[in-house]
Structure formats: C-alpha cells, structure tokens
Amino acid sequence: MTYNKPKPIPFWLLLALILIVLDQASKWYFELHFAFGERVNLLPFFDFILVYNTGAAFSFGAGAGGWQRWAFIGLGLAACAFILYLLNKNRGKPLFCTAITLIFAGALGNVIDRVVLGHVIDFLLFYWDDWGFYFPAFNLADCFITVGTTLIIVEEIFFSRKKTEEHLPS
C-alpha cells in the first residue's frame, strides 16, 4: 500500500512521542496511586494491578541476576535504531510506518522504564479464574508493540502478496 505523498519522518516521530507520553503517564499513574501488588477488579476477567518486570515479555529472564536489564536496554535501543532506518526507507507505506512507529514507541517506552527504574511497570491483568488462567500483566507499551506487529502481519498478508501478484507474468 503506497501513497503518492509520503509522511515525513518528523510526523512519525511526533506520533511515537505522543504514544510514549501516554505510556509513561499511565505507568506513573499506577506507580503513584497503587501499592506494589495492589489489585483492583474492574471486570470478571480484568484487573488493574501494579507489578514490576525485570525481564522481557512474559518475564523472560526476570531472575537472571541483573545483567538482563542492560541486555534488554541494548536490544531495545538497537531495535529503535533499525526502526528509524525502516521509517526512512519505507515512508511511502503508511500502514507499515504506522506499525513500526507503534513498535518504536513501545520499545522506547519500556527502555525508559529500564533505564530510570531498573524494571518495567505493568498494570493490566487479564485472567480466567474458572480455568486458573492468568495472562502475564502488561502495559500500554506492550500493547503498542503487539498492535504494531499485528499490523505488519496484516500488511504482509494483504498488501505485499497483492503487490507480488501484480508483478507475476500472466
């Protein structure tokens, strides 16, 4: 999906900045108004909770002894640098740029937590008590990364395939 007039890089960076501010504001709200581990039930399957994650997704590496903080900061910054390269290269693809801007904002939002606090603040908890299922708590940055990744898949399935079919010989 390509448009004639691509959005300039500052547009995408401004969008990322807005998302990062939303992420950080939500985390600080929970940090200021909840005690660690405090849970507030909103729906039969959803609570607000304040927890800290020193690991990556699903607390991967959380008990690694501290080195993981710097590894995840480095990985997050490397991903952000690569995303800036991709933004510049693909400015004419608005869906793709939206997707990687979401991933950029999510990655940088969690990197900020790791640099400043040494852990990531999580506060959204989905569960199904009848089955004993609890999805690991997460935050808005994680949502941005998930939605961005989903958009990349959608773009690849529905738009890249179409472009490839246009270039195939009849």
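Residues numbered from 1 in each chain as written. Predicted model: local features only at pLDDT ≥ 70, side-chain atom pairs only at ≥ 80, totals over all residues. Heavy atoms only, no water.

So, the UniProt feature "transmembrane region" (unreviewed entry) in the chain
Defined as follows: UniProt positions are given in the numbering used here, feature names are shortened, and annotations may be inferred rather than shown by experiment. Strands are runs of DSSP state E lasting at least two residues, helices are runs of H or I lasting at least four, and both sets are numbered from the N terminus onward.
When the UniProt feature table is mapped onto this chain, "transmembrane region" (unreviewed entry) is found at residues 12-30, 70-87, 94-112 and 132-154. Measuring from the first to the last C-alpha atom of residues 70-87 gives 25 Å, for a span that is 100% helix and 0% strand. Secondary structure within residues 94-112 divides into 100% helix and 0% strand; the distance between the first and last C-alpha atoms comes to 26 Å.

Considering the sheet that holds strand E1 (residues 39-43)
Quick note on the threshold: Strand pairing requires that DSSP identify at least two bridges connecting the strands. Contacts: residue pairs with any heavy atoms within 4.5 Å of one another. Whenever a helix is involved, its axis is fitted only over the stretch in contact; in every case the axis is a line through C-alpha atoms, and angles between N-to-C directions fall within 0 to 180 degrees.
On the basis of which strands lie adjacent, the open sheet formed by four strands has the order E1-E2-E3-E4 and antiparallel pairing. Looking along the sheet, the strands with just one partner apiece sit at the ends: E1 and strand E4 (133-134). By the bridge criterion, six bridges tie strand E2 (residues 46-53) to strand E3 (residues 120-128) in an arrangement that is antiparallel. Bridge pairing links Val-51 to Asp-122 in E3. Along the sheet, helix H1 (residues 9-33) makes contact with E2 and E3, crossing E3 at roughly 85 degrees.

Some points on the pattern of salt bridges
Which entries qualify depends on this criterion: Put simply, a salt bridge is a Lys or Arg side-chain nitrogen that is within 4 Å of an Asp or Glu carboxyl oxygen. With a 1.4 Å probe rolled over the protein chains alone, any residue whose accessible area is under 20% of its type maximum counts as buried; one over 50% counts as exposed, and the rest are partly exposed.
Inspection of every chain in the model, using the stated rule, returns three salt bridges. Between Asp-23 and Lys-27 there is a salt bridge; the shortest N-O distance is 2.9 Å. With Asp-23 and Lys-27 both in helix H1 and four residues apart, this pair spans about one turn of that helix. Look at Asp-23 and you get buried, because its relative accessible area is 0%. Arg-39 serves as the salt-bridge partner of Asp-47, at 2.5 Å between the closest nitrogen and oxygen. Judged by its relative accessible area of 3%, Asp-47 is buried. Residue class for Arg-39 comes out partly exposed when judged on its relative accessible area of 40%. Three or more residues are tied together by salt bridges with common partners; here these are Asp-23, Lys-27 and Asp-113.

Things to note about the nonpolar core
Soluble globular proteins tend to bury their nonpolar side chains together. Stated formally: Nine residue types can take part in a nonpolar core, namely buried Ala, Val, Leu, Ile, Met, Phe, Trp, Tyr and Cys, and a core is a set of them joined through side-chain atoms within 4.5 Å.
With 18 residues, the main nonpolar core has Leu-19, Ile-83, Leu-87, Ile-100, Phe-104, Ala-105 and Phe-144 as its most contacted residues. Those elements that provide at least two residues to this core are H1, helix H2 (67-89) and helix H3 (94-117). Among the elements that line this core, the one with the most residues is H3, at eight residues. Those residues in contact with Leu-87, other than ones at most four positions away along the chain, are Ile-9, Trp-12, Cys-97, Ile-100 and Thr-101. Listed in part, the eight residues of the second largest apolar core include Leu-50, Ile-121, Leu-124 and Phe-138.

Quick look at the packing of aromatic side chains
The cut-off we apply is this: For Phe, Tyr and Trp, where Trp contributes only its six-membered ring, two rings pair if their centres lie within 6.5 Å, and the inter-plane angle classes them as stacked under 30 degrees, edge-to-face over 60, or tilted in between.
By the definition in use, this model includes 13 aromatic pairs. Taking 6.3 Å as the distance between ring centres and 20 degrees as the angle between the ring planes, the aromatic pair formed by Phe-45 and Phe-126 counts as stacked. Taken as a pair, Phe-45 in the loop between E1 and E2 and Phe-126 in strand E3 lie far apart in primary sequence, 81 residues in all. Judged by relative accessible area, Phe-45 falls into the partly exposed class, the value being 37%.

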